[in-house]
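So you can see what is in the structure, the chains are spelled out below.
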Protein chains: 2
Amino acid sequence: MGEYRTLPLDRLFVAVADPTRRAILARLSSSDARVTDLAADFPISLNSTSKHIKMLERAGLVRREVIGRDHVLSLNAAPLAEAAAWINHYKSFWDDRLAALEILVTKKRGIPKGRKKK
Amino acid sequence: MGEYRTLPLDRLFVAVADPTRRAILARLSSSDARVTDLAADFPISLNSTSKHIKMLERAGLVRREVIGRDHVLSLNAAPLAEAAAWINHYKSFWDDRLAALEILVTKKRGIPKGRKKK
DNA sequence: TCTATATTCACCCATACGGGTGAAGATATG
DNA sequence: CATATCTTCACCCGTATGGGTGAATATAGA
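Residues numbered from 1 in each chain as written. Chains lettered and ligands numbered in written order. Predicted model: local features only at pLDDT ≥ 70, side-chain atom pairs only at ≥ 80, totals over all residues. Heavy atoms only, no water.

### Concerning the pattern of salt bridges
Side chains that carry opposite charge are capable of pairing whenever their charged atoms lie near each other. Evaluation of the coordinates by the stated rule reveals 10 salt bridges over all chains. A salt bridge links Asp10(B) to Arg22(A); its shortest N-O distance comes to 2.7 Å. Here Arg22(A) lies in helix H2 (residues 19-30) and Asp10(B) lies in helix H1 (residues 8-16), a pairing that spans two chains. Using a relative accessible area of 7% as the deciding quantity, one classes Asp10(B) as buried. When the shortest N-O distance is used, the salt bridge between Arg27(A) and Asp41(A) registers 2.7 Å. Of this pair, Arg27(A) sits in helix H2 while Asp41(A) sits in helix H3 (residues 35-41), placing them 14 residues apart in sequence. A relative accessible area of 22% means that Arg27(A) is categorised as partly exposed. (Salt bridge = Lys/Arg side-chain N within 4 Å of Asp/Glu carboxyl O. Helix = DSSP H or I, 4+ residues; strand = E, 2+ residues; numbered from the N terminus. Buried < 20%, exposed > 50% of the residue type's maximum accessible area, 1.4 Å probe, protein only.)

### Some points on the confidence of the model for chain A
Summarising the model, chain A shows a mean pLDDT of 83, and 75% of its residues fall at 70 or more. Taken together, the stretch residues 109-118 of chain A has pLDDT below 50 and engages in 12 contacts with residues farther than four places along the chain or on a different chain. (pLDDT = per-residue confidence, 0-100. Contact = heavy atoms within 4.5 Å.)

### Observations regarding the relation of the copies chain A and chain B
When chain A is fitted to chain B, the best match, at an RMSD of 0.0 Å, comes from turning it 180 degrees and sliding it 0.0 Å along the axis. Both chain copies can therefore be described as sitting about a two-fold axis. (Least-squares fit on C-alpha atoms with pLDDT ≥ 70 in both.)

### Regarding the protein's contact with DNA strand C
Surveying the vicinity of DNA strand C reveals 25 residues, the closest of which are Asn47(A), His52(A), Thr36(B), Asn47(B) and Arg64(B). Backbone atoms, meaning sugar and phosphate, make up 67% of the atoms of DNA strand C lying within 4 Å of the protein. Contact between DNA strand C and Asp18(A): a phosphate oxygen at 3.3 Å from a side-chain N or O atom of the residue. In this structure, a base oxygen belonging to DNA strand C sits 3.3 Å away from a side-chain N or O atom of Arg69(B). Secondary structure elements with two or more residues in the surface near DNA strand C: helix H4 (46-58) of chain A together with helix H3 (35-41), helix H4 (46-58) and strand S3 (70-75) of chain B. It is H4(A) that provides the largest number of residues to the surface near DNA strand C, a total of six residues. For the surface near DNA strand C, a count of residues per class yields five nonpolar, nine polar and 11 charged. (Near = heavy atom within 4 Å. Polar contact = N/O pair within 3.5 Å; in protein donor to acceptor, adjacent residues only side chain to side chain. Nonpolar A, V, L, I, M, F, W, Y, C, P; charged D, E, K, R; others polar.)

### Regarding the pairing of strand S2 (residues 62-67) of chain A
Residues and elements named next belong to chain A. As paired strands, S2 and strand S3 (residues 70-75) are joined by six bridges and run antiparallel to one another. Across the sheet, Ile-67 pairs through a bridge with Asp-70, a residue of S3. Taken together, S2 and the strand that follows it, S3, pair antiparallel across an intervening segment of two residues, in which Gly-68 is found at a positive phi of about 65 degrees. (Pairing = 2+ DSSP bridges.)

### A short note on the interface of chain A and chain B
Each partner contributes to the interface: chain A provides 40 residues, whereas chain B provides 38 residues. Here chain A packs against chain B, burying approximately 3,600 Å² in sum over the two surfaces, 66% of which is carbon and sulfur. At the surface where chain A touches chain B, the tally comes to two salt bridges. Taken together, the connections running from chain A to chain B amount to four residue pairs in polar contact (both at pLDDT 80 or more). For the side of chain A that touches chain B, the secondary-structure elements that each account for two or more residues are helix H1 (8-16), H2, S2 and helix H5 (80-88) of chain A. Taken together, the residues of the side of chain A that touches chain B sort by class into 25 nonpolar, five polar and 10 charged. (Buried area = accessible area lost by both parts, 1.4 Å probe.)

Below, the structure is given as structure tokens:
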């Protein structure tokens with residue numbers, strides 16, 4: 001059962017999990033663009049481009065401003081801060097210096113490394 | 001067509017895009033656990049748990065050590081470093097100080113924010 | 001060897017993506 | 001007003017996910 005409701009972090013990670021969408025973000029980081037402009041830059045149709053943009057908007061990573069018949073898209077990287085915060089929570093587990101510190105602490109307790117007898 | 005092949009970053013972001021899998025990572029960050037242990041902690045079946053673990057392994061975030069009939073899982077946060085690096089690439093777009101600087105610049109031009117004439 | 005437990009495998013089903021095509025709505029332009 | 005351009009909407013298809021159940025495999029323990 002889908003017990004969990006869709007969280008902002010879900011939509012964010014799902015959005016950036018696609019290489020095309022990451023490329024779109026990279027493209028928008030240099031300048032704003034219309035849907036047509038993005039479709040021209042990537043080997044996908046206009047419709048597919050529109051769908052990708054919708055997912056990026058759903059994650060809050062892209063903003064849209066309708067000017068006449070043009071939909072001008074701009075990057076909004078702010079939601080990435082939450083993702084960075086989540087990842088940062090695990091930084092001590094891969095950072096060399098902090099990992100060494102962790103080993104020191106766990107060794108003090110006589111526990112090999114997070115291993116825990118059931 | 002699936003022009004792009006699946007990149008490591010794809011598998012990583014897909015893996016962490018699910019709240020159950022993030023919860024599993026959080027659980028493993030405190031101590032190692034077996035598949036059964038994880039299944040007991042979350043309201044999903046053993047089989048579903050096994051599948052989630054497979055996706056986490058595919059992303060390199062979880063390591064498995066078979067001890068007898070037990071499969072002991074441990075966290076490997078190292079792949080998150082690549083995700084952090086990718087996100088860090090966009091940090092200047094949401095950082096407060098740099099954002100304030102951007103507002104100054106755009107206000108000087110009399111443009112609300114990120115508006116850019118084609 | 002026999003039995004209980006742990007894990008995976010092979011399916012099933014519903015939903016969501018990613019891609020496409022074609023038609024319908026807006027909007028600019030002659 | 002008529003036409004061309006831009007964008008979205010409504011479908012279609014193939015694949016992948018997330019959940020389940022039941023059977024098969026592997027190991028521990030009596």
